[in-house]
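Listed below are the residues making up each chain.
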Amino acid sequence: MAAKLSESGPSDSDQTSLNDQSVSNRSINRSLRVAEKERRKNKAEDPFVLALKYFSDVEAGTPVYGNDEVERNLVLVEKVAYSKGLSPEGIAIMLEFAMSLRMGTTLCARVLKCLIPATVVPQEAVVRAVVWLGVGKIPMSTQVLFIKWVLTMFDMIDAKDQLRAIYGFIFSFVTDENLCPFICHLLYLLTRKESVRVFRVRKLLELQSKLGRQPFLLHLLSLYKVFCPELVTLSIPSRMRSGFRNHNSPWKSVLIGVQKRNGSQVASSISLAFTSKDKANSRKRKHCHLELPPLSSAISKQAQTELSCRRKVVPLVQLHSFAQLLENMHRIELPAQMGSLLGSSLALQYLDCVQDESALLRLNFWLGYALHEEFLFCGDGGASQNSEEALQFLNKLLSTQHFLQEGFSSSEAFLYKFLNHWDGSLLRPQILGLLSNIPVVPSSQIGRLLFEPFMQLFFTSSIFFKCGLMECLNNMLLKWLTWHSVYALEDDLDISLNSHTSINMTLSGFKDSVMELVHFVGRLASVGLQLEGCHSLLLSFILDFYETVCDMFLKYGLPLVVMPPPGVFYPALLATDPVSVDRLAYIMYRYKVNLTSAKSQEKLTEQAFHINRQTFREFNHYIVVMVNCLWNSKMFQPGMGVQLGEDLLLKSSVSQYWTSFDLIHHPAFMSYAVDFHQRCWPGRKDMDLNSIKLPKPWNWYLEYLFTQGYNGLKLFVQSNISQQLSAGAGQDDTPSTQQR
């Protein structure tokens with residue numbers, strides 16, 4: 001019976017539960033409808049919504065003067081815009097109102113100045129406004145102001161595909177002399193390879209012949225040349241005035257305030273270049289461009305599907321692994337904000353693999369603007385007041401350069417200017433790190449760009465800055481030598497200074513630059529050691545540099561050998577710490593290996609470089625001095641290079657002063673000699689260090705020194721001193737320098 005009841009239908013209790021649930025759902029739906037109706041009613045009664053509706057519905061020809069209603073509504077819109085920013089719908093309504101001239105030209109500029117977006121700018125509204133430019137009724141000042149607004153808000157436009165679709169229409173305005181600088185700037189940001197056409201190149205060249213070599217024309221032509229070098233035969237200067245003019249003055253400060261109040265990140269525009277003319281406005285800013293923008297697509301989500309189907313483009317933001325990057329390497333859509341590349345490892349891998357010239361141009365453009373505006377043109381000490389933001393920004397830039405194994409041209413141009421204003425302490429590790437990535441500088445310019453500011457800083461700073469600068473110059477030399485060994489061409493021996501530029505330097509020019517750098521460091525080191533009393537820490541960094549210099553021929557293939565100056569050699573030889581003497585011995589050993597190899601190649605092949613005899617004379621002199629000093633106990637003898645008057649030596653009351661710097665009595669090794677003496681003759685009460693010079697103890701003493709880790713000294717002795725010791729031979733008869 002129970003089975004029959006269950007088969008016939010639900011029980012009474014189940015039916016009651018279903019009825020209660022249905023009533024509850026109807027009650028909830030009714031509450032939601034009432035709430036939505038109330039929300040719409042409140043929204044309709046919102047004065048700001050009513051103000052937007054007024055500007056959306058106002059009829060053409062409505063008078064402005066004496067119209068209190070338009071003034072009241074515009075003031076309301078301005079209040080919201082300057083405090084919270086306008087929604088995309090509000091931007092679209094007000095932009096359409098201004099550009100359509102429905103109430104004449106009186107309110108256009110005022111409306112454009114209050115177009116501060118709270119989130120994004122709808123692309124459709126910008127396209128409609130650009131089309132209104134073709135009507136011909138808009139005053140020129142309003143047209144210029146509108147283009148400036150587009151440039152300022154460029155990175156906040158939610159997509160760029162429709163703007164690029166009307167590239168030709170925008171290009172038509174380039175013939176207007178008043179609009180030309182701003183149109184060129186906008187075209188620079190919109191240009192793709194398919195945008196470059198022969199007739200456009202001809203038109204720009206025609207304008208250049210009419211207006212002269214204007215920076216805005218040259219920058220657009222340089223981008224055209226990157227995409228289609230066969231179409232642009234014009235020679236573009238390698239060093240131009242950086243960027244376009246800064247057009248953000250009416251909106252940027254307000255935009256920053258609105259974004260901060262809304263709790264979102266300030267958009268860093270790649271479209272804004274730098275100029276010293278805007279120094280007054282820049283002083284008000286505090287590192288607003290040092291926050292890296294998030295990685296985002298250059299097109300809207302709705303347009304991504306259509307564009308992906310049509311062109312098979314994949315936004316970089318959609319890739320999450322290196323495997324995906326490899327699969328879509330040639331179909332990648334770059335982000336709207338190029339600064340976001342610095343915060344993405346995948347984006348950096350893309351730059352390193354593809355070496356997209358347009359991407360590097362845009363990234364350099366954004367980076368140059370950020371560095372100049374926030375460090376050079378910020379005259380109120382903003383860098384020191386916001387050191388944490390600046391520190392994070394420069395550290396990210398340094399990590400990017402280390403990843404790419406090269407610097408950016410924009411940071412190089414910034415550093416040349418910044419050095420003249422730098423105090424040597426502000427963000428010192430980061431600035432020195434950036435300086436070490438500077439590519440090879442021609443010898444004719446290196447003195448003015450680097451050496452002069454370096455000397456002023458070096459001689460007026462602490463020992464720690466001197467050490468940091470020596471490390472920086474050593475890293476710079478290492479980068480130069482590495483670039484030479486990687487990019488030197490066997491045929492014409494041209495060296496590419498940067499894998500992303502076309503600047504080449506001949507081998508002789510490269511050698512001149514390296515030689516200038518080595519000689520400059522030698523002068524700095526000599527004077528620095530005198531100023532700091534031969535400080536062992538500074539000497540250590542100087543010897544680091546010469547460990548790089550001594551191996552330039554064999555390790556990096558550079559046909560150049562430069563000896564250290566006496567102001568470095570003798571302080572290292574007479575140093576009180578054994579590590580410095582050992583490192584000098586290793587450096588001299590490597591010099592001998594390099595010179596011997598170069599000499600043998602010179603005899604075997606015709607292409608080998610010829611070594612200056614003066615170099616051999618300097619090397620031989622240093623070797624003789626070291627052997628006579630450390631081994632033969634002939635310090636301060638005639639011809640030793642370091643000579644003191646006989647009267648002065650006698651006044652020192654040092655017996656046998658000529659032995660004061662041998663391996664036993666040298667201040668750096670005296671403690672080892674004493675320890676060795678105590679180990680060999682533990683029962684002796686009187687210590688006679690000269691007893692170590694006996695043949696067997698001498699050999700034991702050398703082995704003892706070598707076991708302490710002084711491999712440089714060991715290599716130097718083995719390569720420069722021939723030992724012919726016998727059981728009855730004295731030390732003075734056994735050692736002799738090898739024939740060189």
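Residues numbered from 1 in each chain as written. Predicted model: local features only at pLDDT ≥ 70, side-chain atom pairs only at ≥ 80, totals over all residues. Heavy atoms only, no water.

Teacher, can you tell me more about the packing of aromatic side chains here?
Centre distance and the angle of the planes are the two values used to describe a pair of aromatic rings. Under the counting rule described, the total for this entry stands at 22 aromatic pairs. A ring pair is formed by Trp366 and Phe393, whose centres lie 6.1 Å apart and whose planes are at 55°; its orientation type is tilted. Taken as a pair, Trp366 in helix α19 (residues 357–376) and Phe393 in helix α21 (residues 387–404) lie far apart in primary sequence, 27 residues in all. On the accessibility criterion, Phe393 (2% relative accessible area) is buried. Taking the centre distance of 6.4 Å and the plane angle of 45° together, the rings of Tyr586 and Tyr589 count as tilted. With Tyr586 and Tyr589 both in helix α30 (residues 578–604) and 3 residues apart, this pair spans about one turn of that helix. Counting every residue linked through ring pairs, the aromatic cluster contains Trp631, Phe669, Tyr672, Phe676, Trp698, Tyr701, Tyr704 and Tyr710. A cation sits over an aromatic face here: Lys160 above Phe154, 4.9 Å from the ring centre. We note Arg200 situated over the ring of Phe171; from NZ or CZ to the ring centre the distance is 5.8 Å. (Phe/Tyr/Trp six-rings, centres within 6.5 Å; stacked < 30°, edge-to-face > 60°. Helix = DSSP H or I, 4+ residues; strand = E, 2+ residues; numbered from the N terminus. Buried < 20%, exposed > 50% of the residue type's maximum accessible area, 1.4 Å probe, protein only. Lys NZ or Arg CZ within 6 Å of the ring centre and 35° of its normal.)

Any chance you could explain unusual backbone geometry here in plain terms?
Keep in mind that most residues, glycine aside, have a negative phi and that most peptide bonds are trans. Non-glycine residue Leu101 carries a positive phi angle of around 55°. Structurally, Leu101 is set in the loop between α5 (88–100) and α6 (108–113). With a phi close to 55°, Cys534 is a non-glycine residue in the positive phi region. Considering the arrangement of structural elements, one finds Cys534 in the loop between α26 (507–531) and α27 (536–549).

Would you take a moment to explain helix α23 (residues 428–435) for this structure?
For α23, a buried count of 6 out of 8 residues is recorded, marking the element as mostly surrounded by other parts of the structure. Residues Gln430, Ile431, Leu432, Gly433, Leu434 and Leu435 constitute the buried set of α23. Looking at the packing, one finds that the buried side of α23 touches α21, α22 (409–418), α24 (443–458) and α25 (463–487). (Contact = heavy atoms within 4.5 Å.)

Could you clarify how one ought to interpret the packing of α21 against α23 in this entry?
A pair of packed helices can be characterised by two numbers: the angle between their axes and the separation between those axes. One way to put it is that α21 packs onto α23 with a least axis distance of 10 Å and a crossing angle of 30°. One element, α21, and the other, α23, form an angle in the roughly parallel class. Helix-helix and strand crossings are classified by hand; for α21 and α23 the assignment is left-handed. Facing Leu391, Leu394, Asn395, Leu397, Leu398 and Gln401 of α21, the residues of α23 in contact are Gln430, Ile431, Gly433 and Leu434. (Axes fitted to C-alpha atoms, helices over the stretch in contact; angles between N-to-C directions. Parallel < 35°, antiparallel > 145°, perpendicular 65-115°, else oblique. Left-handed = near helix turned anticlockwise from the far one by under 90°.)

When you look at the packing of helix α33 (residues 670–680) against helix α34 (residues 695–706) in this model, what are you seeing that I'm missing?
Direction vectors running N to C along α33 and α34 enclose 125°, while the axes themselves pass 11 Å from each other. The angle between α33 and α34 falls in the class oblique. At the point where α33 passes α34, the crossing takes the right-handed sense. In this structure, α33 contributes Tyr672, Ala673, Asp675, Phe676, Arg679 and Cys680 to the contact, and α34 contributes Pro697, Trp700, Tyr701, Tyr704 and Leu705. Looking at the contact of α33 with α34 residue by residue, the classes come out as 9 nonpolar, no polar and 2 charged. (Nonpolar A, V, L, I, M, F, W, Y, C, P; charged D, E, K, R; others polar.)

Hey, could you run me through a nonpolar patch on the surface in this one?
On the surface, a cluster of nonpolar side chains totalling about 320 Å² of accessible area is made up of Met455, Phe459, Val527 and Leu531. Among the secondary structure elements, Phe459 is positioned in the loop between α24 and α25. (Patch = residues over 30% accessible without salt bridge, like charges linked within 9 Å, V, L, I, M, F, W, Y side chains within 5 Å. Areas by Shrake-Rupley, 256 points an atom, 1.4 Å probe, with all protein chains shown as cover. Salt bridge = Lys/Arg side-chain N within 4 Å of Asp/Glu carboxyl O.)

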